[in-house]
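These are the residues of each chain, in order.
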Amino acid sequence: MAATGDDTCYDRQAELKAFDETKAGVKGLVDAGIRELPRIFIHQPEPLPISSTPFPIPIVDLGSTDRASTVEKIREASETLGFFQVVNHGIPVSVMDGVVEGVRRFHDQDVEVRKRFYTRDPSKPLVYHSNYDLYSSPAASWRDSFYSFMAPTPPPPEELPEVCRDIQIEYSNEVMKLGRVLFGLLSEALKLNTNHLEDMDLDKGLAFFGHCYPACPQPELTMGGPKHTDYGFLTVLLQDEIGGLQINYNDEWVDVPPTPGALVINIGDLLQIISNDKLKSVEHRVLANKKGPRVSVACFFSTSIAPLTRRFLVIPLDGLFSRSLGSGNGIRFWKEVWCDSKPMLDCFPCLAALDENQDCTIADRVKQTENGLIFTWKWRRTPRDGREIQMIRRIEERCERVPIGQGEEKWHWELDNGVFSVASLRLAMDDMSLPRGGSRISENKSVPIKVRITSWRAALDSLPTKINLIRRGVALGDDLCPLCKHQPESVC
Ligand SMILES: O=C(O)CCC(=O)C(=O)O
Ligand SMILES: [Fe+2]
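Numbering of residues starts from 1 in each chain and follows the order in which that chain's sequence is written. Here every chain gets a letter starting at A, and every ligand a number starting at 1, in the order they are written. Where local features are concerned, this predicted model is filtered to residues with pLDDT of at least 70; where side-chain atom pairs are given and counted, the filter is 80 or more; whole-chain, interface and lining totals use all residues. Here the side-chain values reflect all heavy atoms present in the structure, with hydrogen atoms and water set aside.

Draft legend 1. Spotlight on the coordination of the iron ion (ligand 2). Listed donors are limited to N, O and S atoms within 2.8 Å of the metal, widened to 3.2 Å for Na, K and Ca; water is not among them, so incomplete-looking sites are possible. For the iron ion (ligand 2), the full set of protein donor atoms is His 228 (NE2), Asp 230 (OD) and His 284 (NE2), at a range of 2.0 to 2.2 Å. Each donor residue of the iron ion (ligand 2) belongs to the same chain, with the gaps between them written as H-x1-D-x53-H. One end of the pair, His 228, is in strand S6 (residues 225–228); the other, His 284, is in strand S11 (residues 284–286), with 56 residues separating them in the sequence. A simple rule labels every residue: compare its accessible area, found with a 1.4 Å probe on the protein chains alone, to the largest value its type can have, and call it buried under 20%, exposed over 50%, or partly exposed in between. Assessed through its relative accessible area of 24%, His 228 is described here as partly exposed. On the accessibility criterion, His 284 (6% relative accessible area) is buried. The numbering of helices and of strands both runs from the N terminus, where a helix is a DSSP run of H or I of at least 4 residues and a strand a run of E of at least 2.

Draft legend 2. Spotlight on the side chain of Arg 143. Assignment of secondary structure puts Arg 143 in the loop between strand S3 (127–130) and strand S4 (144–151). The side chain of Arg 143 is buried and forms no salt bridge, while Asp 133, the nearest opposite charge, is found at 6.5 Å. Any pair of N or O atoms that falls within 3.5 Å is considered a polar contact. Within protein, one atom must be able to donate a hydrogen and the other to accept it, and sequence-neighbouring residues count only if both atoms are side-chain atoms. At 2.8 Å, the side chain of Arg 143 and the side chain of Tyr 213 are in polar contact. It only takes one pair of heavy atoms within 4.5 Å for two residues to be counted as in contact. Once residues lying within four places of it in the same chain are set aside, the contact partners of Arg 143 are Val 26, Ser 130, Asn 131, His 211, Cys 212, Tyr 213, Pro 214, Gly 224, Gly 225 and Pro 226. Charged residues are defined narrowly, with Lys and Arg counted positive, Asp and Glu counted negative, and His plus the chain ends left uncounted. Definition used for salt bridges: Asp or Glu carboxyl oxygen within 4 Å of a side-chain nitrogen of Lys or Arg.

Draft legend 3. Seen up close, the sheet that holds strand S8 (residues 245–249). DSSP-based pairing: two strands are paired if at least 2 bridges between them are found. Pairing within the open sheet is antiparallel, and its four strands lie in the order S6-S11-S8-S9. Across the chains shown, the open sheet's two edge strands, defined by having one partner strand only, are S6 and strand S9 (252–255). The sheet shows a mean angle of 25° between the axes of neighbouring strands, direction not considered. Between the N-to-C directions of two axes lies an angle of 0 to 180 degrees, each axis being a line fitted to C-alpha atoms and, for a helix, fitted only over the stretch in contact.

Draft legend 4. Quick look at the site of ligand 1. Around ligand 1 lies a shell of 13 residues, among which His 211, Tyr 213, His 228, Arg 294 and Ser 296 are the nearest. Between ligand 1 and the protein, one listed contact pairs an oxygen atom with a side-chain N or O atom of His 211 at 2.7 Å. In this structure, His 228 approaches ligand 1 through a side-chain N or O atom, which is 3.0 Å from an oxygen atom. Every element with two or more residues in the shell around ligand 1 is listed here: strand S5 (206–213), S11 and strand S12 (294–301). In terms of residue count, the dominant contributor to the shell around ligand 1 is S12 (four residues). Side-chain classes are defined by residue name, with Ala, Val, Leu, Ile, Met, Phe, Trp, Tyr, Cys and Pro counting as nonpolar, Asp, Glu, Lys and Arg as charged, and the others, Gly among them, as polar. Among the residues forming the shell around ligand 1, the class breakdown is six nonpolar, four polar and three charged. Here, proximity means that at least one heavy atom of the residue falls within 4 Å of the molecule or strand.

Draft legend 5. Representation of the nonpolar core within the structure. To qualify as a nonpolar core, a set must consist of buried Ala, Val, Leu, Ile, Met, Phe, Trp, Tyr and Cys residues joined through side-chain atoms within 4.5 Å. The biggest cluster of nonpolar side chains holds 52 residues, and the ones touching the most others in it are Tyr 171, Leu 234, Val 236 and Leu 263. A total of ten residues in this core trace back to one element, the largest contributor, which is helix H6 (residues 165–189). In terms of nonpolar packing, the next biggest core, distinct from the first, is built from 25 residues, Phe 333, Ile 362, Val 366 and Ile 395 among them.

Draft legend 6. Representation of a nonpolar patch on the surface. Residues Ile 470, Val 474 and Leu 476 make up a contiguous nonpolar surface patch of about 200 Å² in total accessible area. Classification of Ile 470 by relative accessible area gives partly exposed; the value is 37%. A patch consists of residues whose relative accessible area exceeds 30% and which take part in no salt bridge; residues with like charges are grouped when within 9 Å of each other, and nonpolar side chains (Val, Leu, Ile, Met, Phe, Trp, Tyr) when within 5 Å. Only the protein chains shown count as cover for residues, and all accessible areas are computed by the Shrake-Rupley method using a 1.4 Å probe.

Draft legend 7. Structural view of helix H3 (residues 67–80). Here the expected length of a helix is defined as 1.5 Å per residue gap, with one fewer gap than residues. End to end, H3 covers 20 Å across 14 residues, agreeing with the expected 20 Å (1.5 Å per residue, within 8%). What H3 keeps buried is the set Thr 70, Val 71, Ile 74, Arg 75, Ala 77, Ser 78 and Glu 79. Buried residues along H3 sit against strand S1 (59–61), strand S2 (83–87), H6 and strand S10 (263–267). Of the residues trailing H3, Gly 82 is marked for its positive phi of about 75°.

Draft legend 8. Here's a closer look at the pattern of salt bridges. Applying the stated criterion to the full structure yields 25 salt bridges. Salt-bridge contacts for Lys 204 lead to Asp 201; the nearest nitrogen and oxygen are separated by 3.7 Å. Across the salt bridge formed by Glu 396 and Arg 393, the nearest N and O atoms sit 3.1 Å from each other. In this pair, Glu 396 and Arg 393 both sit in helix H12 (residues 387–400), three residues apart, roughly one turn of the helix. Its relative accessible area of 41% is what places Arg 393 among the partly exposed residues. Salt bridges sharing common partners tie together Glu 72, Arg 75, Glu 76, Glu 79 and Lys 278.

None of this, on its own, says anything about what the molecule does.
Below, the structure is given as structure tokens:
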């Protein structure tokens, strides 16, 4: 099939299905000697540029005896890049090399053996397939993967592939130990007791992914892994020597080159949420490569489907709230989330530093007029041609995509004729088929974190309502709602 990215007149679903049904993955295409990419793999060109200047991803020495400085490095990296690397982490090199080889062996097995593991049923002890989002993503990526949930309840060893089962178990056990160390350091970075995140069970669920990125005949047309953020709490990534991982920093793609002996650690969405957006879950992607196969092992500390950690599952609140910005008078241009899932300050720190007033509001910088948006920039010095001017253009393009208007900012509750109550939120959440006794934090980053946490606590019925306080032995005069003074104060 000719490689034409804009050719949309074809039965994409049928081609995806045909590819999936081979159960041979991308490796099967490569083994068949394919020279042109099937069109299901062709990605639209990526708007963000690749950084021209190398940007070092911090390396943290976990063997250091200076704990305060280790915590500080982790805090700084987790609050800005969302990524750092660790060395002297306690996982023996032989185990690291062994697991990379084990994953390679799995993907190198005869196609008939691989096919026996090929499935999209997440309840299987080991799931092997190409592109977990094959049928939903705009373009498939040049990658095959297998995964298993290794904690809290690992699959019976005999259900794991013989070629890598021992090393998969051994490496996962090592990552679990490292997880406890990292969550201890991250707790301290958040100025909490060392055990805080561990006591919240963040280190209890682990998913093991063994990725393979076969050599690609036309790497410029596709991706090894599309841009995404990791959903869980924390990811421990081991990559082989080929490279290709990039993170989005300042709206540029920055390489995370392989460092021998190091592991790449990154913050996931759930840790960003429960840290009140202090720690950052940052977008990343993997380039396809002519060299290869590239192998990586990504271990995700996450809620998974594990019963132990189910109370952290996520629900979408999209559709329940909507926001109109108004003129943006009360919203700080650089420091608040209003245009994207993170503040402008995080996306463009250099430009924010150039602004005369980092606390300026949206209305100070952008106004909606009959002729479109008017920008009023106030820089400490004239922005330089090239990169700075390009970044200003990018900000202006972003602003065009949000409805800046007139008047005050407003949040609208979409249910119950716009009258918000915790009870209506609770009902809406229950409607979203929560598992019994469970609750989920919304991952919609445009909803303020306080609303997300309050919703989550409401669903757990852990808000300090009068009924709950009395139940816990707090002596109160009555249990009546202080507003209506008729009904007991509860979330029901
Ligand atoms: O293979 C890599 O380097 C990254 C994989 C990744 O980002 C993921 O599995 O979420
Ligand atoms: Fe990832």
